[in-house]
Amino acid sequence: MLLAVQRLLDWVDGQHPFLTGAFDALRRGITRYPKTLMASLASLLIAGGGGAFAVANLGPDISDLPVVNITTPVDIAHIQAQAASLDLVDLQLTRTDTTRSADTPENLLRRLGLVDPETAAFLRKNPLAKLALQQAGRSVSAEVNSDQQLRSLRVRWLKNENDTFFQRLVIKRTPQGLEAALEASPMNTSLRMTGGTVARSLYDAADEARLPDPVINQLTQIFSNQIDFHRTLRKGARFSVVYEVLEADGEPLRTGRVLSAEFTNDNQQFEAVWFQEPGQKGSYYDMEGKSLSRAYLAAPLAFSRKTSGFSMRLHPIFQTMRAHQGVDYAAPTGTPAQSVGDGVVAFAGVQGGYGNMVIVNHGGNHSTVYAHLSRIQVKKGQTVQKGQVVGAVGSTGWSTGPHLHFEFRVNGVHVDPQKIIQMAQSTPIGPAEKPRFNTLVAQARMQLQAAAQMRESNIQ
């Protein structure tokens, strides 16, 4: 635009010289101050636009405009049919609990969310139901419909601790009323794995890892010939374990065998895997195939401290020096006492200063004695296995406090138990079974690695 104005002034100057003087000052200003004139012109245009904008906004206020509601009906096809089909759906609710020692049928049903006088009366009178509910700790599940009416009730339990079949009582509601039936079904086996780190004691570490007591007892037996759990267990010791759980209808009833384990104590690592050769009794081996089992356990108690050894000592009651022909283990009353080896119970009863006592014959003229028991849990003539509980620690007979007096006899002569136990070593795996064993070891290593990762994640 400025160029056009300058050209206009040049034309005027050429055509009308008399106007040159009038426009000469304008030309000099345009030439001298082009930027200032450009900025002034731009401001003028913006101001003009703003004014136009201001004029454009002088319309009616939006809040004064009328509000119009537009309603569009939505038609859902077959709504009545859908509602009718929902009414026909019969919900099944499942609730579970366990029996208690002070249970009545009403109390049990109330915990299951039921107030059902008919079912309570049936449980009270039916002989099968009374049998199933007579002991505490049994698994109970109930199926209930949407009207809170009982459809069926199931109770599961084991007759004996080592059974592979479980008992199942089934109570069903039929058109004729409630009916009960007793069934026996095989248990399913599943695998569990976990691990822990010892901060205070092995018991505390097992509790934190939610490891059942039977499994931790097996763990101490497996490594009893390598780790002295009474004296050498160090803070920071780590363990990983893979074990079986026997289930009934998906509910765990008891733990099974430890399949593999590793234990790290005082910077030493110990590993074990269960393996059974055809036609032989299974045992635990290290990952190279060397047997970890001996004919006898290292001690009859899983956790305790040795208070008296096989030597001369001052008798705590008679205050005279006498030969102590056994080993004493201090432990709380009720601590399980285990048979250190397979055998047959030769005596179970009371015998003088020994108090409640059990004698087990192991073959080869070997026998062991368990004395001062608070209770006896085997009978004469009964066959027992290594690690089986024969009684509980007590203070019966000539005793100044709860402990287990343990003896080892060869041909009726007292010998130091530790010497016999250390000599009784099991045989290694045969060469023919080594390939199958190596395959099992590879699988065990993977499972133990997973258990170790779970242990580390629990620490974090």
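Quantities reported herein were computed from a predicted structural model and do not represent experimental measurements.

Undergrad: In this structure, what is going on with the pairing of strand E3 (residues 150-157)? I would like to understand it.
TA: Within a regular beta strand, the side chains point alternately toward one face of the sheet and then the other, so they alternate between its two faces. The buried fraction of E3 amounts to 6 of the 8 residues, a majority that puts the element mostly inside the structure. By the bridge criterion, 6 bridges tie strand E2 (residues 139-145) to E3 in an arrangement that is antiparallel. Paired with Glu143 across the two strands is Ser152, which belongs to E3. Once E2 ends, the chain turns through 4 residues before running back antiparallel as E3, passing Gln148 with a positive phi of about 60°. Of the pairings in the sheet, the one linking E3 to strand E4 (residues 165-174) comprises 6 bridges and is antiparallel in character. Counterpart to Arg154 in the pairing with E4 is Val170.

Undergrad: Quick question: what am I supposed to make of helix H6 (residues 117-125) here?
TA: The α-helix advances 3.6 residues per turn, and as a result positions three or four apart in sequence lie on the same side. Every buried residue belonging to H6 is among Thr119, Ala120, Phe122 and Leu123, and all of these are buried. All buried residues of H6 fall inside an arc of 160° around its axis, so they share one side. Residues Pro117 and Lys125 are exposed on H6 and point more than 90 degrees away from its buried face. Elements in contact with the buried residues of H6: helix H5 (105-111), helix H7 (127-132), E3, E4 and strand E5 (177-186).

Undergrad: How should I be thinking about the confidence of the model for the protein in this particular structure?
TA: Regions with low pLDDT should not have their predicted coordinates read in detail. Here the protein averages 80 in pLDDT, while 78% of its residues score no lower than 70. Per-residue pLDDT stays below 50 along residues 49-56; that stretch engages in 0 contacts with residues further than four places along the chain or on separate chains. Across residues 309-315 the pLDDT falls below 50, and counting only partners more than four positions away or on other chains, this stretch makes 28 contacts in the model.

Undergrad: Would you take a moment to explain the packing of aromatic side chains for this structure?
TA: Both the distance between ring centres and the angle between the ring planes are used here to describe each pair of aromatic rings. This structure, assessed with the given rule, holds 8 aromatic pairs. Where Phe275 meets Phe437, the ring centres are 5.4 Å apart and the plane angle is 85°; that geometry is what we call edge-to-face. Of this pair, Phe275 sits in strand E9 (residues 268-275) while Phe437 is found in helix H11 (residues 434-459), placing the two residues 162 residues apart along the sequence. The same class applies to Phe275 as to Phe437, namely buried.

Undergrad: Would you explain the pairing of E9 in this entry?
TA: The buried fraction of E9 amounts to 6 of the 8 residues, a majority that puts the element mostly inside the structure. Here strand E8 (residues 251-265) pairs with E9 via 6 bridges, running antiparallel. Within E9, the residue paired with Glu262 across the bridge is Glu271. Hairpin geometry of E8 and E9 is characterised by an intervening segment of 2 residues between the two adjacent antiparallel strands and by a positive phi of about 55° at Asp266. Bridging between E9 and strand E10 (residues 283-285) involves 3 bridges; their strand directions are antiparallel.

Undergrad: So what exactly am I meant to see when it comes to a nonpolar patch on the surface here?
TA: Judged by side-chain polarity, Val74, Ile76 and Ile79 come together as a nonpolar surface patch covering roughly 310 Å² of accessible area. As for its position among the elements, Ile79 is in helix H4 (residues 79-88). Note on Ile79: relative accessible area 42%, which makes it partly exposed.

Undergrad: Any chance you could explain the pattern of salt bridges here in plain terms?
TA: When their charged atoms lie close together, side chains carrying opposite charge are able to pair. Under the counting rule described, the total for this entry stands at 14 salt bridges. Between Asp249 and Arg168 there is a salt bridge whose closest N-O contact spans 2.9 Å. Of the two residues, Asp249 is situated in the loop between strand E7 (238-248) and E8 and Arg168 in strand E4; the sequence distance between them amounts to 81 residues. Its relative accessible area of 11% is what places Arg168 among the buried residues. The shortest N-O distance in the salt bridge between Glu433 and Arg436 comes to 2.9 Å.

Undergrad: Explain the sheet that holds E4 to me, please; I cannot follow it from the model alone.
TA: By way of backbone hydrogen bonds, the strands of a sheet pair with one another, either parallel or antiparallel. Spatially, 5 strands are ordered E1-E2-E3-E4-E5 in an open sheet, and the strand pairing comes out antiparallel. Sheet topology places strand E1 (92-98) and E5 at the edges, where each strand pairs with a single neighbour. Across the sheet, the mean angle from the axis of one strand to that of its neighbour is 15°, orientation sign disregarded. Of the strand pairs in this sheet, E4 and E5 are connected by 10 bridges, and their pairing is antiparallel. Of the residues in E5, the one forming a bridge with Lys172 is Glu179. Contacts from H6 reach E3, E4 and E5, with the element oriented near 55° to E5.

Undergrad: Got a minute to help me understand the sheet that holds E9 in this structure?
TA: Pairing within the open sheet is antiparallel, and its 5 strands lie in the order E6-E7-E8-E9-E10. Edge strands, defined here as strands with exactly one partner in the open sheet, are strand E6 (188-197) and E10. If you compare each strand with its neighbour and ignore which way they point, the axes differ by 30° on average. The pairing of E7 with E8 spans 10 bridges and is classified as antiparallel. Residue pairing across strands places Tyr243 opposite Val258, the latter belonging to E8.

Undergrad: Would you explain the nonpolar core in this entry?
TA: Side chains of nonpolar character tend, in soluble globular proteins, to be buried together. In terms of nonpolar packing, the biggest core is built from 25 residues, with Leu211, Leu219, Phe223, Val241, Val258 and Phe263 touching the most fellow members. Of all the secondary structure elements, the ones that give two or more residues to this core are helix H8 (202-208), helix H9 (213-222), E7, E8 and E9. Sequence-distant contacts of Phe223, that is, excluding residues within four places in its chain, are made with Phe229, Ala261, Glu262, Phe263, Phe270, Glu271 and Ala272. Counting residues in each nonpolar core, the second largest holds 22 residues, with Leu301, Tyr329, Val360 and Tyr370 among its members.

Thresholds applied
- Residues numbered from 1 in each chain as written.
- Predicted model: local features only at pLDDT ≥ 70, side-chain atom pairs only at ≥ 80, totals over all residues.
- Heavy atoms only, no water.
- Buried < 20%, exposed > 50% of the residue type's maximum accessible area, 1.4 Å probe, protein only.
- Helix = DSSP H or I, 4+ residues; strand = E, 2+ residues; numbered from the N terminus.
- Pairing = 2+ DSSP bridges.
- Arc of directions from axis to C-beta.
- Contact = heavy atoms within 4.5 Å.
- pLDDT = per-residue confidence, 0-100.
- Phe/Tyr/Trp six-rings, centres within 6.5 Å; stacked < 30°, edge-to-face > 60°.
- Patch = residues over 30% accessible without salt bridge, like charges linked within 9 Å, V, L, I, M, F, W, Y side chains within 5 Å.
- Areas by Shrake-Rupley, 256 points an atom, 1.4 Å probe, with all protein chains shown as cover.
- Salt bridge = Lys/Arg side-chain N within 4 Å of Asp/Glu carboxyl O.
- Axes fitted to C-alpha atoms, helices over the stretch in contact; angles between N-to-C directions.
- Core = buried A, V, L, I, M, F, W, Y, C linked by side-chain atoms within 4.5 Å.

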